[in-house]
Structure formats: structure tokens, C-alpha cells
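# Structural description and commentary
The primary structure of each chain is shown beneath.
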Amino acid sequence: MSDTAPSGTTGPTDAPVLDVWCELQCPDCHTALDDIRALRARYGDRLDIRLRHFPLDKHQHAFAAAQAAEEAFEQGQGWPYVEAVLARTERLATQGERTLVETAGELGLDTDEFETALIDGRHMLIVDADQAEGKAIGVTGTPTYVIGEERLDGGKSQEGLRERVEEIVDRLLAR
């Protein structure tokens, strides 16, 4: 992963970019997966959907989950891992890092590398940088979407959010 391309990139470099500021222990982010799937289905590689980490202090295991997601991207299974962890937000809250490693194993990822990555903190700078950038642009909760110059806060309400993202993407693609 390069310094200029956040993890979770799904589209070509000339496609409009949708940054999804997410926290993997957040139930609202789990709900938002339906919108992400719908956007992928509608736009395919014409939209670059990027995962951006914004772990919240109120969730004890969110920072470790973000680091684990980075390891999953390193191993080529980032989005499937993100979806699997978001499906286990309650389990993550009660079982912590064990859930992160078990989920990796269920996806056939190298669990030894996951454990090592969580111990040595090799992905910590990526998570810190995402969080700092999010704060700098006004992200306060998750999920938050940034596309073009617009920030859409899904942490307050996800009502009509996908439609709004689609309007912006359609406008950007028409250029």
C-alpha cells in the first residue's frame, strides 16, 4: 500500500473516490454495509471505495480491529474481513482481539501474522494517520462518507444517504 492510496481501494485511480470513515466495532457501520454493497453493484470499478479508519474511544477494541483490517488488506482479503468483523460487533465487544484472529482464520488468512501484527503494531501508523485526517476534515462519528468536496455523516442518520452519494457520484462521472 502506498502512502497516497489508503487501504481498501476498489477502483481505478481515475474513478471518483468515496472515502468511508468506518469503525469496526460500530453497529451503524455494519448497517452501512448494505449501502456499500449497493454502490459497488451499481458502479463497479467506476467508483473507488476506500476504507478509512476512525476508531472511536467508546469502543475498546476498535483500534485493534482497524489494525487487523490493515493486515487483512495486506493478505488480500481486506473487504471480506471488514464485513466479517462488522457482522460480529457484539462478539468483538465481549471477546476482543480473539474475535479478530478467529475471524481471520475463518477466512483462511495467516492467523500467526495477525497475532504478530497486533503485537508489533506494524499498521498503527496507518490507523493513526486516517484518524488524524478524519479529525482534520471534521469527521466526528461513523460511518462518515467523503466524496468530492462533500462530507456526509451517517452516524447521525443513514436515511437517504446512499441516494445522496449516488447523486454526487453521477455528477462526478458526468464530468
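Here the structure is shown first, and the text comes after it.
Heads up: these notes are all about the structure in this document.

### Considering the overall build of the chain
- Scanning the chain for helices and strands turns up eight helices and four strands.
- Counted from the first residue to the last, the chain has its helices and strands arranged as β-α-β-α-α-α-α-α-α-β-β-α.
- Relative to a compact globule of 175 residues, whose C-alpha radius of gyration would be 16 Å, the chain shows 15 Å and is just as compact.
- Within the chain, the proportion of its 175 residues that are buried is 50%.
- As displayed, the chain offers around 8500 Å² of accessible surface, 47% of which is attributable to carbon and sulfur atoms.

### Description of the nonpolar core
- By size, the foremost hydrophobic cluster in this structure holds 40 residues, and its most contacted members are Leu18, Tyr81, Leu100 and Tyr145.
- Those residues within four positions of Leu18 in sequence are excluded, and the remaining contacts are Leu39, Leu47, Asp48, Ile49, Arg50, Tyr145, Val146, Ile147 and Val165.
- One finds Trp21, Phe54, Val139 and Val146 within the second-largest nonpolar core, a separate group that totals five residues.

### Focus: the sheet that holds strand 2 (residues 48-53)
- In spatial order, the strands read 2-1-3-4; together these four strands make up an open sheet with mixed pairing. Each end of this open sheet is capped by a strand with a single partner; those strands are strand 2 and strand 4 (150-153). Between one strand axis and the next, the sheet turns through 20 degrees on average, direction left out of account.
- On the sheet, helix 8 (residues 161-174) packs against strand 1 (17-22), strand 3 (144-147) and strand 4 and is oriented at approximately 165 degrees with respect to strand 4.

### A few points about the pattern of salt bridges
- Applying the stated criterion across every chain yields a total of 19 salt bridges.
- Two residues, Glu71 and Arg122, come together in a salt bridge whose shortest N-O distance is 3.7 Å. With Glu71 in helix 2 (residues 62-74) and Arg122 in the loop between helix 6 (111-120) and helix 7 (124-136), this residue pair connects regions lying 51 residues apart in the sequence.
- Exposure remark for Glu71: the relative accessible area of 4% places this residue in the buried category.
- Taking relative accessible area as the criterion, Arg122 reaches 36% and is therefore assigned partly exposed.
- Across the pair Arg98 and Glu102 runs a salt bridge, and its minimum N-O distance is 3.6 Å. Of this pair, Arg98 and Glu102 both sit in helix 5 (residues 97-106), four residues apart, which is roughly one turn of that helix.
- Here Arg98 falls in the partly exposed class, since its relative accessible area comes to 48%.
- Owing to a relative accessible area of 32%, Glu102 belongs among the partly exposed residues under this scheme.
- Taken together, the salt bridges that share partners define one network made up of Asp19, Arg50, Arg52, Asp130 and Glu133.

### A closer look at the packing of helix 1 (residues 27-43) against helix 3 (residues 78-86)
- At a closest axis distance of 9 Å, the pairing of helix 1 and helix 3 adopts a crossing angle of 145 degrees. In this structure, helix 1 crosses over helix 3, and the sense of that crossing is left-handed. Packed against helix 1, whose contacting residues are Cys29, His30, Leu33, Arg37 and Arg40, the element helix 3 presents Trp79, Glu83 and Leu86 at the interface.

### A few points about unusual backbone geometry
- Along the chain, Thr142 connects to Pro143 via a cis peptide bond; the corresponding omega equals -5 degrees.
- Tracing the backbone through its elements, the reader meets Pro143 in the loop between helix 7 and strand 3.

### A look at the packing of aromatic side chains
- Evaluated as defined, the whole model comprises two aromatic pairs.
- Its end group placed over the ring of Trp79, Arg40 keeps NZ or CZ at 4.4 Å from the ring centre.

### Considering the packing of helix 2 against helix 7
- Running from N to C, helix 2 and helix 7 point in directions that differ by 115 degrees, and their axes come no closer than 9 Å. Crossing angle aside, the handedness with which helix 2 passes helix 7 is right-handed. Residues Phe63, Ala66, Gln67 and Glu70 of helix 2 touch helix 7, and the partners they reach there are Met124, Ile126, Val127, Asp128 and Gln131.

Criteria and cut-off values
Residues numbered from 1 in each chain as written. Predicted model: local features only at pLDDT ≥ 70, side-chain atom pairs only at ≥ 80, totals over all residues. Heavy atoms only, no water. Helix = DSSP H or I, 4+ residues; strand = E, 2+ residues; numbered from the N terminus. Rg over C-alpha atoms; globule rule 2.2 N^0.38 Å. Buried < 20%, exposed > 50% of the residue type's maximum accessible area, 1.4 Å probe, protein only. Areas by Shrake-Rupley, 256 points an atom, 1.4 Å probe, with all protein chains shown as cover. Core = buried A, V, L, I, M, F, W, Y, C linked by side-chain atoms within 4.5 Å. Contact = heavy atoms within 4.5 Å. Pairing = 2+ DSSP bridges. Axes fitted to C-alpha atoms, helices over the stretch in contact; angles between N-to-C directions. Salt bridge = Lys/Arg side-chain N within 4 Å of Asp/Glu carboxyl O. Left-handed = near helix turned anticlockwise from the far one by under 90°. Phe/Tyr/Trp six-rings, centres within 6.5 Å; stacked < 30°, edge-to-face > 60°. Lys NZ or Arg CZ within 6 Å of the ring centre and 35° of its normal.

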